[in-house]
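# Structure at a glance
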Amino acid sequence: MREVRLSEPLIYVLDMAVFVGIFAILAVSLNLEYGFTGLANFGKVAFFMVGAYTSSILANMGFPYLACITVATFAAGFVGFVASLPALKLQADYLAIVTLAFGEILRFIFKNEEWIAGGVQGITVPSAITITGVPIQTMMLIQLTIVYAALAICYFIAQRVVNSPYGRTIRAIREDELAAQVLGKDVFKYKAQMFTLGSAMAGVSGSLFSQYVRFIDPYTFEPILTFTVWMMVILGGPANNLGVILGAVFVQALERGARIAKDYLLLPVDPHNLRVMIIGILIILILMYRPQGLFRESKVKTPALEVASKWKKRS
Amino acid sequence: MLFLVVVNWLQVLFNSAVTGSLYLLAAVGLTLTYGLTRFPNFAHAEFMALGAYAGYTIAEQLKLGFPYSFIAAFISSAALGAASYLLVFRPLTHRGATIIHLMVASIGLDFFVRHLIKQVWGGEQLSFRMVWPYFDVGPVRITGLWVALILSAIVMVGVMHIVLTRTRLGKAIRASANNPDLAMASGVDVEKIALVVWIVGAALAGVGGLFRAADTRLVPLIGWEILLPAFAVVILGGIGSFYGALIAAYVIGLAENFGVVFLVMFKLSTDYKFAIAFLILILTLILKPSGFGRLFGEGGKVV
């Protein structure tokens, strides 16, 4: 991964913005699964990894960007769907163990099977967009535009899904699975759909990530990545799509802060260790003192609600 | 394609007993705390790691010998277990945290402790330089360390069995795991019992971590590497079931050691032995989520 220094402020800001966008997509996808549906997906990184590797392998074969990202999305969604079939019948705690282990096993496979994508050596990703003779800032702006376009689409889809009768159903499943079942909702179907959608979004994010950093190896996809995203969701406010995006901004700023500390302060602590320790402690503190996150759960905004609130005002 | 390998099956069998004993030490605390406090504690991995590192400091840096490092591992992990319960998980439970919150907090704690360890001892691989006596029984090579490990597991099982069946404390532990509300109504201080279980479970995990480190090598990820098989033991044995875990640990020890032989035969990486534990875990959850727990009339919740 390129090390971007503070000495070039514009590039630094662009770099951070790209990372915020990539992680915001992950946060929105985890929010759909955990925030709205109550699924404890501790293996988010697995689907991000599938997206990143699929996209990289295709890019190496010379496919255009749009093909890479589309196939990566479907691949991650498909793996998510298959993984969800045995996993979703389980309770929250079992699901967490299984998804966490799934991510680790998948990482072992990419690590040991060199024929897939270079194993431990990793794989360099050729840029799927080739424009010669433009400065790096322009290239980064293009990347930035693509990432934020993807984020906007994911955000739009997520908002459409949750602000609908469908969204009310998944929230009902989160609150009381049995009650939702009694009301005739096929709980398993809803969970599988949300898990698949969330995984597909993680695939989009993985594809964008691999195209941006241009080199991936199995060490990129350690479980810490999953929990960075969990922190964004918990901090931003579960079941609030805008909140989790702000959570992504905050967590990225924090991570950058630790890196800047490395460059400018002489701390007796290794900055990477410090960063992870801060994340660990913050997760615990947030859960203890503000488990609902910075932003409250958003209301279900359906057309029916708008009509009802107008009617209420009139009377 | 099958590759012919000369396999010393008796050695594989003995190694299974070694692995099983290790997993038992690692998983006992995990299953009991899971049963009592109703969530899987991912930070259990670091109870093992801290024990291993504390033992390393005593044995290799202070040169005090293995028995002292055994005690150091026991005490340091016990302290970490107590601190985790009193400072993190009990306050969270009091504030009405959900299972998912507790799990995420345990991951947060895991990351914190692991990187604290990395900060104190460094991320480099360390190894015990102690030399263990070894002897051959027929075709089986046995080292003193393995004997010590198996003996520790046997002593632990004996003591736990007596405590669980013959003492008031054991009765209270079983009652709290089975039905906390009823236990509380019968005058059992469930939180005190939970604290005791957290301390003992963490201490045993620390000892397990020390054995693992002395047997192989010491890296900050040492606990995390055993966590997945430990969870497989917990699930296969039935959550909260001590006797279930006892059987499950050796079953998984056997599966892993024989599995490795087949992995070698098929020229696959031995890294995939983790996949064996994972496979057992998944199959248990799909086929019989209560694991062996029901055999002993304890543990094992129904999905």
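Residues numbered from 1 in each chain as written. Chains lettered and ligands numbered in written order. Predicted model: local features only at pLDDT ≥ 70, side-chain atom pairs only at ≥ 80, totals over all residues.

### Let's talk about the overall build of chain A
- Helix and strand counts for chain A stand at 13 helices and two strands.
- A globule of 315 residues ought to have a C-alpha radius of gyration of about 20 Å, and chain A, at 20 Å, matches this closely.
- Considering only C-alpha atoms, chain A reaches an extent of 65 × 40 × 40 Å along its principal axes.
- Relative to its 315 residues, chain A shows a buried fraction of 45%.
- For chain A, restricting intrachain contacts to residue pairs at least 6 apart in sequence, the fraction spanning at least 24 positions comes to 79%. (Helix = DSSP H or I, 4+ residues; strand = E, 2+ residues; numbered from the N terminus. Rg over C-alpha atoms; globule rule 2.2 N^0.38 Å. Buried ≥ 20, exposed ≤ 12 C-beta atoms within 10 Å, placed from the backbone. Contact = placed C-beta atoms within 7 Å.)

### Describing the environment of Y34 of chain A
Residue and element names in this part refer to chain A.
- Along the chain, Y34 falls in helix α1 (residues 9-36).
- By C-beta crowding, Y34 is classed as buried, having 27 other C-beta atoms within 10 Å.
- C-alpha of Y34 to C-alpha of R174: the two residues are 140 residues apart in sequence and 8.5 Å apart in space.
- Not counting residues within four places of it along the chain, the set of residues in contact with Y34 comprises L39, A40, N41, V233 and P238.

### Some points on helix α3 (residues 65-87) of chain A
- Across its 23 residues, α3 of chain A extends 32 Å between first and last C-alpha, which sits within 8% of the 33 Å expected from 1.5 Å per residue.
- Buried residues in α3 of chain A make contact with α2 (44-60), α4 (92-112) and α9 (187-213) of chain A. (Expected span 1.5 Å × (residues − 1).)

### Describing the interface of chain A and chain B
- Opposite the 33 residues of chain A that make contact, chain B presents 35 residues.
- At the level of secondary structure, the elements contributing two or more residues to the side of chain A that touches chain B comprise α4, α10 (223-236) and α12 (271-289) of chain A.
- Ranked by residues supplied to the side of chain A that touches chain B, first place goes to α4 of chain A with 11 residues.
- Along the lines of polarity and charge, the residues of the side of chain A that touches chain B split into 25 nonpolar, four polar and four charged. (Nonpolar A, V, L, I, M, F, W, Y, C, P; charged D, E, K, R; others polar.)

### A few points about the confidence of the model for chain B
Residues and elements named next belong to chain B.
- For chain B, per-residue confidence averages 88 on the pLDDT scale, and residues scoring 70 or more make up 95% of the total.
- Mean pLDDT across the elements of chain B ranges from a minimum in strand β1 (residues 134-137), with 83, to a maximum in helix α3 (residues 66-94), with 94.
- Across residues 299-303, where pLDDT falls below 50, the model places 22 contacts with residues more than four positions away in sequence or in other chains.
- Interface scoring of the predicted complex returns ipTM 0.87; its pTM is 0.89. (pLDDT = per-residue confidence, 0-100.)

### Considerations on the nonpolar core
- Residues A27 of chain A together with A27, A232 and V233 of chain B are the most contacted members of the largest nonpolar core, which totals 189 residues.
- Considering every element that reaches this core, the biggest residue donor is helix α8 (residues 190-215) of chain B, with 15 residues.
- Residue contacts for A27 of chain B: discarding those within four places in its chain leaves A230, V233, V234, A245 and A249 of chain B. (Core = buried A, V, L, I, M, F, W, Y, C linked by C-beta atoms within 7 Å.)

### Describing the pairing of strand β2 (residues 140-143) of chain B
Residues and elements named next belong to chain B.
- As judged from the four bridges shared by β1 and β2, these two strands associate in the antiparallel manner. Bridge pairing in β2 places D136 opposite R141.
- The antiparallel pairing of β1 with β2 creates a hairpin that spans two residues between the two strands, and G138 there sits at a positive phi of about 60°. (Pairing = 2+ DSSP bridges.)

### What to know about the packing of helix α2 (residues 44-61) of chain B against helix α4 (residues 99-121) of chain B
Residues and elements named next belong to chain B.
- Taken N-terminus to C-terminus, the directions of α2 and α4 make an angle of 15°; their axes are 9 Å apart at the nearest point. It follows from the interaxial angle that α2 and α4 lie roughly parallel. Between α2 and α4 lies a crossing of left-handed hand. In contact with A45, E46, A49, L50 and Y53 of α2, α4 contributes D110, V113, R114, I117 and W121.
- Residues that form the contact of α2 with α4 fall into these classes: seven nonpolar, no polar and three charged. (Axes fitted to C-alpha atoms, helices over the stretch in contact; angles between N-to-C directions. Parallel < 35°, antiparallel > 145°, perpendicular 65-115°, else oblique. Left-handed = near helix turned anticlockwise from the far one by under 90°.)

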